[in-house]
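# Fold and contact review
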Amino acid sequence: MTDPLPPLAPEPRLLPRRPPASGPLNLVGLTRAGLAAALAAAGTPERQLAMRTGQLWQWIYHWGVRDFLAMTNLARDYRALLARHFTLALPEVVRREVSADGTRKYLLRVEGGHEVETVYIPEEGRGTLCVSSQVGCTLTCSFCHTGTQPLVRNLSAGEIAGQLMVARDDLGEWPRPGAPRREERLVSNLVLMGMGEPLLNFEAVRDAMAVVMDGEGLALSRRRITLSTSGVVPMIAPAATEIGCLLAVSLHATTDAVRDRLVPINRRWNIATLLQALRDYPRLSNSERITFEYVMLEGVNDADEDARRLVRLIAGIPAKVNLIPFNEWPGAPFRRPSWARIEAFAEIVHRAGYAAPIRTPRGGDIMAACGQLKSATERLRARRPPAVAATATAAPRPPGA
Ligand code: SAH
Ligand code: SF4
């Protein structure tokens with residue numbers, strides 16, 4: 001029988017620096033402190049700074065307003081000053097596709113002409129936005145489409161938080177003045193599981209999540225945000241203390257020999273090192289369990305013996321195990337196991353006392369499922385037209401309009 005594993009992936013490549021922004025400063029994605037500093041630099045008097053920062057924050061993140069001139073509780077001159085110095089820019093929606101199951105995928109263009117994808121997954125009683133943290137990914141996991149993309153750069157905090165704002169525009173989810181508060185939110189959860197390795201873009205992800213969690217703005221609670229990492233061990237404790245959201249870890253294999261070849265970063269931080277970092281995780285508790293992600297690859301990591309090794313490895317860690325049936329992409333060197341195999345694996349994990357949900361693939365018809373994201377434009381050209389063509393995102397209605 002031939003070995004189903006591909007040859008070893010190359011070592012992670014170096015990230016080119018993000019090109020410096022040109023033109024007026026974009027305020028989207030600045031933390032409150034960053035926003036205050038920008039307003040001070042533009043000439044806002046010191047004694048007004050806290051108030052102006054709060055007002056602007058609400059316009060941008062609570063009401064979703066992008067036009068300084070529509071910020072009606074600010075003096076006209078001050079609005080004009082803001083418009084001279086700053087912009088409020090989001091990634092541009094180049095294409096929007098809607099899957100038969102309601103999943104929406106946005107292809108977004110960011111500074112420098114790069115493209116990233118964001119996916120909205122509506123479910124009963126909740127809606128999850130899957131957000132990208134980098135253009136492409138340096139880590140070349142052999143089962144991941146994103147990892148095959150050569151061009152990589154970090155996204156800025158504004159480009160990360162901006163993905164949620166783009167989705168809110170598209171879903172019409174900004175509050176309307178005077179309208180009753182909607183109890184159920186369309187985007188109720190956010191997962192950092194799109195393109196890129198969030199812990200290799202730590203500062204931007206941290207700042208973006210501070211913006212997203214701020215109670216006077218987008219206001220997603222930290223327990224509704226999950227960051228997925230392939231295992232950047234030194235950044236795991238800082239993620240707990242400085243970001244504070246829930247953690248998911250892409251384990252995918254139960255021996256170093258197999259994990260080395262699936263998740264090449266394992267050669268730097270192996271399974272034992274990774275699990276030790278999780279045992280030391282500052283936020284570890286039963287209410288904030290770690291999610292282990294495990295992509296099911298036929299004949300590679302899906303045997304009963306793997307399931308038994310898995311539960312031995314994670315013993316003592318409050319956790320659940322998300323089993324992700326492999327999502328195929330053109331040229332992928334793996335296959336998805338049968339449902340019977342996946343269920344048998346899940347049963348072993350479940351009997352050992354761990355929740356072991358099998359993640360239902362969503363948005364497969366528009367290549368929006370886990371691991372299918374890739375921004376290469378040649379892929380778009382090669383494909384048939386999507387179910388729904390690109391639409392301009394609706395401008396949010398300013399309060400009082
Ligand atoms: N870079 C981070 C987060 C993005 S990937 C990480 O690796 O954790 C989000 C999840 O999708 C990861 O668990 C990843 O391993 C998984 N994934 C990648 N490619 C996949 C594929 N083709 N099928 C199913 N899951 C995949
Ligand atoms: Fe990067 Fe995650 Fe894909 Fe690996 S699975 S290449 S870390 S995005």
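Located above this text is the structure these notes cover.
## A closer look at the site of ligand 1
- As a structural note, the neighbourhood of ligand 1 is formed by 20 residues, with F143, G196, S228, S250 and H252 the closest of them.
- The separation between a nitrogen atom of ligand 1 and a polar main-chain atom of G196 is 2.9 Å.
- Between E293 and ligand 1, the recorded distance is 3.1 Å, taken from a side-chain N or O atom to an oxygen atom.
- Burial of ligand 1 by the surrounding chains reaches 96%, relative to a free accessible area of 530 Å².
- Of all the secondary-structure elements, those providing two or more residues to the shell around ligand 1 are β10 (225–229), β12 (290–296) and β13 (319–325).
- Residue classes in the shell around ligand 1 are distributed as nine nonpolar, nine polar and two charged.

## Remarks on the nonpolar core
- Counting residues in hydrophobic clusters, the biggest one holds 112 residues, and the most contacted among them are L56, F143, M209 and F292.
- Looking at this core element by element, the count peaks at eight residues for helix α4 (residues 157–171).
- Both domain 1 (29–87) and domain 2 (92–394) contribute no fewer than three residues apiece to this core.
- Not counting chain neighbours up to four residues away, the residues in contact with M209 comprise I160, L190, L192, I225 and I243.
- Within the second largest apolar cluster, six residues are counted, among which are I121, C130, V191 and A368.

## Brief notes about the sheet that holds β13
- Spatial strand order, β3-β4-β5-β6-β9-β10-β11-β12-β13: nine strands in an open sheet with mixed pairing. Each end of this open sheet is capped by a strand with a single partner; those strands are β3 (92–98) and β13. Strand-to-strand twist across the sheet, computed as the mean angle between neighbouring axes with direction ignored, equals 20°.
- Direction of pairing for strand β6 (residues 126–130) relative to strand β9 (residues 189–192): parallel, over a ladder of three bridges. Residue pairing in the sheet places T128 in a bridge with N189 of β9.
- In the packing of α4 onto the sheet, the strands contacted are β3, β4 (104–109), β5 (115–123), β6 and β9, and the crossing angle to β4 comes to about 125°.

## Focus on the site of ligand 2
- Neighbouring residues of ligand 2: C137, L139, T140, C141, C144, G147, G196 and S230.
- Class assignment of the residues belonging to the shell around ligand 2 gives a composition of four nonpolar, four polar and no charged.

## Some words on empty space enclosed by the protein
- In this structure the tally under the stated criterion is one cavity of 30 Å³ or more.
- Taken as a whole, the largest cavity encloses approximately 50 Å³ of empty space.
- What lines the largest cavity is simply C245, L246, L247, Y281, R283, E288, R289 and I290.
- In the lining of the largest cavity, the residues fall into five nonpolar, no polar and three charged.

## Side note on the environment of D306
- Along the chain, the position of D306 falls in helix α9 (residues 304–313).
- Between the C-alpha atom of D306 and that of A253, which follows or precedes it by 53 residues, the distance is 7.6 Å.
- Residues in contact with D306, not counting those within four places in the same chain, are T254, Y294, V300, N301 and F345.
- Within the structure, D306 has its side chain in polar contact with the side chain of R309 (distance 3.0 Å).

## Some words on the environment of Y294
- Among the secondary structure elements, Y294 is positioned in strand β12.
- A C-alpha to C-alpha distance of 5.7 Å links Y294 and L251, two positions 43 residues apart in sequence.
- Each residue touching Y294, except ones within four places of it in the same chain, is listed here: H252, A253, T254, N301, D306, L310, V321, N322, L323, I324 and F345.
- Among the polar contacts made by the side chain of Y294, one reaches the main-chain carbonyl oxygen of N301 at a distance of 2.7 Å.

## What to know about unusual backbone geometry
- For T140, which is not glycine, the phi dihedral falls at a positive 50°.
- Along the polypeptide, T140 turns up in the loop between β7 (134–135) and β8 (153–154).
- Its identity as a non-glycine residue notwithstanding, A219 has a phi of 55°, on the positive side.
- With respect to the helices and strands, the residue A219 is situated in the loop between α5 (202–213) and β10.

Conventions used here
- Residues numbered from 1 in each chain as written.
- Chains lettered and ligands numbered in written order.
- Predicted model: local features only at pLDDT ≥ 70, side-chain atom pairs only at ≥ 80, totals over all residues.
- Heavy atoms only, no water.
- Near = heavy atom within 4 Å.
- Polar contact = N/O pair within 3.5 Å; in protein donor to acceptor, adjacent residues only side chain to side chain.
- Areas by Shrake-Rupley, 256 points an atom, 1.4 Å probe, with all protein chains shown as cover.
- Helix = DSSP H or I, 4+ residues; strand = E, 2+ residues; numbered from the N terminus.
- Nonpolar A, V, L, I, M, F, W, Y, C, P; charged D, E, K, R; others polar.
- Core = buried A, V, L, I, M, F, W, Y, C linked by side-chain atoms within 4.5 Å.
- Buried < 20%, exposed > 50% of the residue type's maximum accessible area, 1.4 Å probe, protein only.
- Domains from an automatic or database assignment.
- Contact = heavy atoms within 4.5 Å.
- Pairing = 2+ DSSP bridges.
- Axes fitted to C-alpha atoms, helices over the stretch in contact; angles between N-to-C directions.
- 1 Å grid on protein atoms, 1.4 Å probe; cavity = no way out; pocket = protein on both sides within 12 Å on 5 of 7 lines; lining within 4 Å.
- Points joined across faces, edges and corners; volume = space filled by probe spheres on them.

No statement about biological role is implied by the geometric values presented.
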